[in-house]
Amino acid sequence: METDLPESTGAPVPLSEQDERLWAMLAHLSILLNLVTGFLGVVAAIVIYAVYKDRSRSVGFHALQSFFFQLVFFIGAGIIAAVAWMVSGLLSVFIIGLACLPLAALISLIPIGAAVYGIYGGVQAYQGQEFRYWLVADWVQV
């Protein structure tokens, strides 16, 4: 019995261009989950990478660079900000900590800036533009 259906090779089905744009955007926007949960954005980005890396190099690239960007600029900067506030608080007993408060406040803005940059990356990816995070994109090879 012969059919006109293509023989299944087990190879992953490539994504359409619209689906590539959508999943690339969602990988970048996963940083917004960090604002609510503190860490699930990183999990979402790596899950998107694991699921779609074989179906689209573009989605894999965007998801992996989003993962690294979130680790460095959102979670890493959040930890540094927490330490800066703690040191400022402890040193405020000796009055020198009061001078450190503006620095701690500036460091606290880094995760918010990272979220804005992630939104910008999501918009660029959805529009089909090649978006590369500053510093982090060079670490990613898909």
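Q: Help me understand the packing of aromatic side chains in this model?
A: The geometry of an aromatic ring pair comes down to the distance between the two centres and the angle between the two planes. A complete count under the given rule lists 10 aromatic pairs for this structure. Arranged with centres 4.1 Å apart and planes meeting at 5 degrees, the rings of F69 and Y133 form a pair that is stacked. Placement of the pair is F69 in helix α4 (residues 57-91) and Y133 in the segment after α6 (110-126), with a sequence separation of 64 residues. The same class applies to F69 as to Y133, namely buried. Ring centres of Y117 and Y133 lie 5.3 Å apart, and the angle between their planes is 75 degrees; on these two criteria the pair is classed as edge-to-face. Of the two residues, Y117 sits in helix α6 while Y133 sits in the segment after α6, which places them 16 residues apart along the sequence. For Y133, a relative accessible area of 3% gives the class buried.

Q: Any chance you could explain the environment of Y52 here in plain terms?
A: For Y52, the location among the structural elements is in helix α3 (residues 40-52). Assessed through its relative accessible area of 12%, Y52 is described here as buried. C-alpha of Y52 to C-alpha of V13: the two residues are 39 residues apart in sequence and 10.0 Å apart in space.

Parameters at a glance
- Residues numbered from 1 in each chain as written.
- Predicted model: local features only at pLDDT ≥ 70, side-chain atom pairs only at ≥ 80, totals over all residues.
- Heavy atoms only, no water.
- Phe/Tyr/Trp six-rings, centres within 6.5 Å; stacked < 30°, edge-to-face > 60°.
- Helix = DSSP H or I, 4+ residues; strand = E, 2+ residues; numbered from the N terminus.
- Buried < 20%, exposed > 50% of the residue type's maximum accessible area, 1.4 Å probe, protein only.

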